[in-house]
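Listed below, chain by chain, are the residues.
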Amino acid sequence: SQTIHQWPATLVQPVGSPLSLECTVEGTSNPNLYWYRQAAGRGLQLLFYSVGIGQISSEVPQNLSASRPQDRQFILSSKKLLLSDSGFYLCALDPGPANTGELFFGEGSRLTVL
Amino acid sequence: AQSVTQLGSHVSVSEGALVLLRCNYSSSVPPYLFWYVQYPNQGLQLLLKYTSAATLVKGINGFEAEFKKSETSFHLTKPSAHMSDAAEYFCAVSSGGSYIPTFGRGTSLIVHP
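These numbers come from a predicted model, not from an experiment.

About the criteria used
Throughout this document, residue positions are counted from 1 along each chain, in the order its sequence is written. Labels are handed out in written order, letters beginning with A for the chains and numbers beginning with 1 for the ligands. Residue-level local features of this predicted model are given only where pLDDT is at least 70; pairs of side-chain atoms are given and counted only at 80 or more, and the full residue set underlies all totals for whole chains, interfaces and linings. As a rule here, side-chain values come from all non-hydrogen atoms in the structure, and water together with hydrogens is ignored. Only buried Ala, Val, Leu, Ile, Met, Phe, Trp, Tyr and Cys residues count toward a nonpolar core, and they belong to the same one when joined by side-chain atoms within 4.5 Å. Only protein chains enter the accessibility calculation, which uses a 1.4 Å probe. A residue is then buried if its area is under 20% of the maximum for its type, exposed if over 50%, and partly exposed in between. Whether two residues are in contact is decided by their heavy atoms: any pair within 4.5 Å suffices. Pairing between strands is defined by DSSP: at least two bridges between the two strands are required. Secondary structure elements follow DSSP: runs of H or I of four or more residues count as helices, runs of E of two or more count as strands, with numbering from the N terminus. Only the contacting stretch of a helix is used when fitting its axis, a line to C-alpha atoms as for every element, and angles between N-to-C directions run 0 to 180 degrees. Stacked, tilted and edge-to-face pairs are distinguished by plane angle, under 30 degrees for stacked and over 60 for edge-to-face with tilted covering the rest, among Phe, Tyr and Trp rings (Trp via its six-membered ring) whose centres lie within 6.5 Å. Every case where a carboxyl oxygen of Asp or Glu lies within 4 Å of a side-chain nitrogen of Lys or Arg is listed as a salt bridge. Disulfides are defined in this document as cysteine sulfur pairs within 2.5 Å.

A. Seen up close, the nonpolar core. Within the largest apolar cluster, 26 residues are counted, with the highest numbers of intra-cluster contacts made by Trp 35, Leu 48, Leu 76 and Tyr 89 of chain B. Look past the residues within four positions of Leu 48 of chain B in its chain and what remains in contact with it is Leu 33, Phe 34, Trp 35, Val 57, Lys 58, Gly 59, Phe 63, Glu 64, Ala 65, Phe 74 and Leu 76 of chain B. Counting residues in each nonpolar core, the second largest holds 19 residues, with Leu 21, Leu 33, Phe 74 and Leu 76 of chain A among its members.

B. Spatial organisation of the sheet that holds strand 1 (residues 2-7) of chain B. Residues and elements named next belong to chain B. With respect to topology, five strands assemble into an open sheet ordered 1-3-8-7-6, the strand pairing being antiparallel. Each end of this open sheet is capped by a strand with a single partner; those strands are strand 1 and strand 6 (56-58). On average, each strand axis in the sheet is inclined to that of its neighbour by 20°, with strand direction left out of account. The pairing of strand 3 (residues 19-27) with strand 8 (residues 73-78) spans four bridges and is antiparallel. Across the sheet, residue Asn 24 finds its bridge partner in strand 8, namely Ser 73.

C. Spatial organisation of the packing of aromatic side chains. In this structure the tally under the stated criterion is 14 aromatic pairs over all chains. Ring centres 5.1 Å apart and planes at 20° place the aromatic pair Tyr 32 of chain B and Tyr 99 of chain B in the stacked group. One end of the pair, Tyr 32 of chain B, is in strand 4 (residues 32-38); the other, Tyr 99 of chain B, is in the loop between strand 9 (87-94) and strand 10 (102-103), and 67 residues separate them in sequence. A relative accessible area of 19% means that Tyr 32 of chain B is categorised as buried. Taken together, the ring pairs connect Tyr 34, Tyr 36, Tyr 49 and Phe 105 of chain A together with Phe 34, Tyr 36 and Phe 103 of chain B into an aromatic cluster.

D. How the structure looks around the pattern of salt bridges. All names here are of chain A. Counted under the stated rule, the structure contains five salt bridges over all chains. Asp 71 is the partner of Arg 68 in a salt bridge, and the nearest nitrogen-oxygen pair spans 3.1 Å. Its relative accessible area of 2% is what places Arg 68 among the buried residues.

E. Structural context of unusual backbone geometry. Cis peptide bonds are those with omega within 30 degrees of zero, and the linkage from Trp 7 of chain A to Pro 8 of chain A qualifies with -5°. Structurally, Pro 8 of chain A can be placed in the loop between strand 1 (3-7) and strand 2 (10-13). Phi is positive for Asn 41 of chain B, which is not a glycine, with a value near 60°. Inspection of the secondary structure assignment puts Asn 41 of chain B in the loop between strand 4 and strand 5 (44-50). Notably, Thr 72 of chain B is not glycine yet its phi reads approximately 45°, a positive angle. One can find Thr 72 of chain B in the loop between strand 7 (64-68) and strand 8.

F. Structural view of the state of the cysteines. All names here are of chain A. For the structure on display, the rule yields two disulfides over all chains. Each sulfur in the disulfide pair Cys 23 and Cys 91 lies 2.0 Å from the other. What sets the handedness of the Cys 23 and Cys 91 disulfide is the S-S torsion sign, and at about -70° it is left-handed. Placement of the pair is Cys 23 in strand 3 (residues 19-26) and Cys 91 in strand 9 (residues 87-94), with a sequence separation of 68 residues. For Cys 91, a relative accessible area of 0% translates into the label buried.

So, in structure tokens, the structure goes:
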């Protein structure tokens, strides 16, 4: 079965600093990968999704970016963090091949921007 | 376009009482529907899913949900709440060619002893 690893689990960063959150998956090939953000008291906001290496779709214009350098690696980045970037970031996968929208989630990365 | 509305950001029940979490969806094509549970500081875990087979779907931990097309609803129920059911619950819908899911805002279930 597939597993998702997210790193780091928690992160405290000053405003204006860079960010890199990593997501790696095991037990599946060519999955659809997703980055969601969960702010306090709010639902899940889709940030990016990827259907393959180098293929990134952005759902929300912001100072975040995503990359998929390998089939099982999905990275969320920022050059300069804002206070509003604080939240719980979740990586998820849809293993396919018959993509139904059923997602498997990692354990999340909690980012606090001060 | 697809959307999900979860009625009630918080639901409070007594241990042993019926749990009912409401979800209404909007989709222009037949949808797939999901319920997920999230415990504090953890990712989401699938409870159950509707993928156009039986309209009454049974999931883990004694939960079930019924797809009602006429009401565009997919409410989650459990006959008897347990303290361990206290968590955040999310309803999600996917449809169309891409099947990218849309999540509701979540409902926090509080279970009183």
